[in-house]
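# Descriptive structure summary
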Amino acid sequence: MKNIFLILILIKSTSIFAQNVNLDNLEDHIEYLASDKLEGRAPGTKGEALAIKYITKKFKKYGLAPAGTDGFKQTFTYRLSANPHDTTTTKTGKEMKGTNVAGFLDNGSTYTIVIGAHFDHLGNGHHTSALDTTSGIHNGADDNASGTAGVIELANYFANNGIKEQNNFLFLCFSAEEDGLVGSKHFTQLPTIALDKINCMINMDMIGRLDNTTKKLLVYGIGTSPAFNGLFTDSQFQYVIDSSGVGPTDHTSFYLKNIPVLSFFTGQHSDYHKMTDDVDKINFEGEIKILDKIVATIQNIDKKGKIPFTTTKQKETGRSKFKVSMGIMPDYTSTANGLRVDGVTDGKPAQKAGIEAGDIIIEMNGTPIKDVYEYMTMLGKLNKGDEVPVKVKRDSVEKTIIVKF
């Protein structure tokens, strides 16, 4: 009887240590953060303040220590140009305010793993990044309540899984990502922990729309450390690997400070930056699988001590010097030779010219386009009023379409 009793205790203890990320909690986080009450979480708004309050409350509940400049908060101001993608002009627009939220889990280590996501979105749609023409609340359930919820629940997991990892953890929720990675840039310029003590940065941006059929999961930053080799060879997902440390989200700010990065993304979709990016479209079970994979990835990295940083080939991204927009949504998970169009915005140059979702752009203005980065490089060279031939492949047939910007 005594031996049976001890076995039962062992089984119970093992189940505690083996806990996974909590599905019910994840659903609660996304449903709240993407509710109309928060009015799209634009920087400096009451909706953002409610999001900050919610994230802070959860960080406190899960036992994190404040790691901002004012408790859990790190507030900053910035100026927004008319086009947040245009970095060629001085930003002399309205002064804006954003607030990052930072919580620290101290495991007594010299080094820290940063786990981050941006929690801001487009508010009522009065933003140059919005892809619909109607004014209304842009809840951003996938972009990026999904990633923010991931940060909150990974904080819960690592603080309460009964295991003391070898690294400390800094959980960061960034503001003003949609305005040009402003929050993460501010943190890396004025960090609340020493940058040389950051082991790596794990980022989550739009991880809520896993396709149950293809199971595609895009992972940026594989080439930023040799320690990442072999971490994504399992068959749970169809991984689309990008070695570059530069991408259209907050991990870029850390990579540019010579910190190894990984960023997770389930892909572009037709609801991107539209009012239709809502909770009913979220694949909660799929996100749990992704978070469990991220936990396993972090635990693998955690055993390796201080991991080395590797510089990768610089690529142009969605934060480039754009003076024009074609009005398409690239399919970042596509493996096609060219840029596959995942969606087309009504009233924009691509739609007016006749480009359709599913088309693969293979050439622009006589220049071959092999991927989204070459497309963005070409787009950055164009001006308003330009008319350029765009060659697309549609159902295996090539055709040339004239697009006027």
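Just so it is clear, the model here is predicted, and its values are computed rather than measured. (Residues numbered from 1 in each chain as written. Predicted model: local features only at pLDDT ≥ 70, side-chain atom pairs only at ≥ 80, totals over all residues. Heavy atoms only, no water.)

The first and last C-alpha atoms of helix α4 (residues 141-160) sit 26 Å apart over 20 residues, in line with the 28 Å expected at 1.5 Å per residue. By the criterion of burial, α4 is predominantly enclosed, with 18 of the 20 residues buried. Gly162 sits one or two residues past α4 and shows a positive phi near 80°. (Helix = DSSP H or I, 4+ residues; strand = E, 2+ residues; numbered from the N terminus. Expected span 1.5 Å × (residues − 1). Buried < 20%, exposed > 50% of the residue type's maximum accessible area, 1.4 Å probe, protein only.)

Moving on, we come to the packing of aromatic side chains. Using the criterion set out here, one finds 12 aromatic pairs in the structure. Ring plane angle 55° and centroid distance 6.0 Å describe the contact between Phe174 and Phe254, whose orientation is recorded as tilted. Taken as a pair, Phe174 in strand β5 (residues 168-174) and Phe254 in helix α6 (residues 251-255) lie far apart in primary sequence, 80 residues in all. With respect to class, Phe174 is no different from Phe254; both count as buried. Ring centres 5.4 Å apart and planes at 65° place the aromatic pair Phe232 and Tyr239 in the edge-to-face group. A relative accessible area of 11% places Phe232 in the buried class. By the ring-pair criterion, three or more aromatic residues cluster together here, those being Tyr157, Phe158, Phe169 and Phe171. (Phe/Tyr/Trp six-rings, centres within 6.5 Å; stacked < 30°, edge-to-face > 60°.)

Below, the discussion takes up the pattern of salt bridges. The tally for this structure, following the rule as stated, stands at 5 salt bridges. Asp234 is the salt-bridge partner of Lys293, the closest N and O atoms lying 2.7 Å from each other. Residue Lys293 is located in helix α7 (residues 284-302), and its partner Asp234 is located in the loop between β7 (216-220) and β8 (238-242); the two are separated by 59 residues in the primary sequence. On the basis of relative accessibility, which here comes to 12%, the residue Lys293 falls in the buried class. Exposure remark for Asp234: the relative accessible area of 28% places this residue in the partly exposed category. Taking the shortest distance from any N to any O, the salt bridge between Arg394 and Asp359 comes out at 2.7 Å. In this pair, Arg394 sits in strand β14 (residues 387-394) while Asp359 sits in the loop between α8 (349-353) and β12 (360-364), placing the two residues 35 residues apart along the sequence. Side by side, Arg394 and Asp359 carry an identical accessibility label, which is buried. Each of Arg209, Asp271 and Lys281 takes part in salt bridges that share partners, so that together they form one network. (Salt bridge = Lys/Arg side-chain N within 4 Å of Asp/Glu carboxyl O.)

Before going further, it helps to examine a positive patch on the surface. Among the surface-exposed residues, Lys37, Lys53, Lys57 and Lys61 lie close enough to one another that they form a single positively charged patch. You can see Lys57 is positioned in helix α3 (residues 46-61). (Patch = residues over 30% accessible without salt bridge, like charges linked within 9 Å, V, L, I, M, F, W, Y side chains within 5 Å. Areas by Shrake-Rupley, 256 points an atom, 1.4 Å probe, with all protein chains shown as cover. Lys, Arg positive; Asp, Glu negative; His and termini not counted. Charge placed at Lys NZ, Arg CZ, Asp CG, Glu CD.)

All right, on to unusual backbone geometry then. Cis peptide bonds are those with omega within 30 degrees of zero, and the linkage from Asp143 to Asn144 qualifies with 0°. Despite not being glycine, Leu181 shows a phi value in the positive range, around 60°. If you trace the backbone, Leu181 turns up in the loop between β5 and α5 (182-189). Judged by its relative accessible area of 4%, Leu181 falls in the buried class. We note that His273 has phi near 60°; this positive angle belongs to a residue other than glycine. Mapped onto the elements, His273 comes out in the loop between β9 (261-265) and α7. Its relative accessible area of 3% is what places His273 among the buried residues.

What follows deals with the confidence of the model for the chain. Confidence in the prediction for the chain averages 88 pLDDT; 87% of positions are at 70 or higher. Below pLDDT 50 for its whole length, residues 83-91 participates in 26 contacts with residues either more than four positions away or in separate chains. This model gives residues 316-320 a pLDDT under 50, and the stretch forms 21 contacts once residues within four places in sequence are excluded. (pLDDT = per-residue confidence, 0-100. Contact = heavy atoms within 4.5 Å.)

Now for the side chain of Asn161. Mapping Asn161 onto the fold places it in the loop between α4 and β5. The class of Asn161 is buried, set by a relative accessible area of 0%. Side chain to side chain, Asn161 and Glu165 meet in a polar contact 3.2 Å long. (Polar contact = N/O pair within 3.5 Å; in protein donor to acceptor, adjacent residues only side chain to side chain.)

Moving on, we get to the nonpolar core. Phe59, Ile115, Leu154, Phe158, Phe171 and Ile202 are the most contacted members of the largest nonpolar core, which has 59 residues in total. In contact with Leu154, other than residues within four places in its own chain, are Val21, Ile115, Phe171, Met204, Leu291, Ile294 and Val295. (Core = buried A, V, L, I, M, F, W, Y, C linked by side-chain atoms within 4.5 Å.)

Here the focus is the side chain of Asn139. In this structure, Asn139 sits in the loop between β4 (112-118) and α4. Taking relative accessible area as the criterion, Asn139 reaches 3% and is therefore assigned buried. A polar side-chain atom of Asn139 sits 3.0 Å from a polar atom in the side chain of Asp36. A polar atom in the side chain of Asn139 sits 3.4 Å from the side chain of Asp278. Setting aside chain neighbours within four positions, we find Asn139 in contact with Leu33, Ala34, Ser35, Asp36, Gly40, Arg41, His121, Asp277 and Asp278.

Looking now at α3. In a regular helix each residue adds 1.5 Å, so 16 residues correspond to 22 Å; α3 covers 23 Å between its end C-alpha atoms and thus fits that length. Turning to α3, its buried residues number three or more, namely Gly47, Glu48, Ala51, Ile52, Tyr54, Ile55, Thr56, Lys58 and Phe59. Looking at the buried positions of α3, the neighbouring elements they touch are α2 (23-33), β2 (73-79), β3 (95-105), α4 and β5. The first or second residue beyond α3 is Gly63, which carries a positive phi of 90°.

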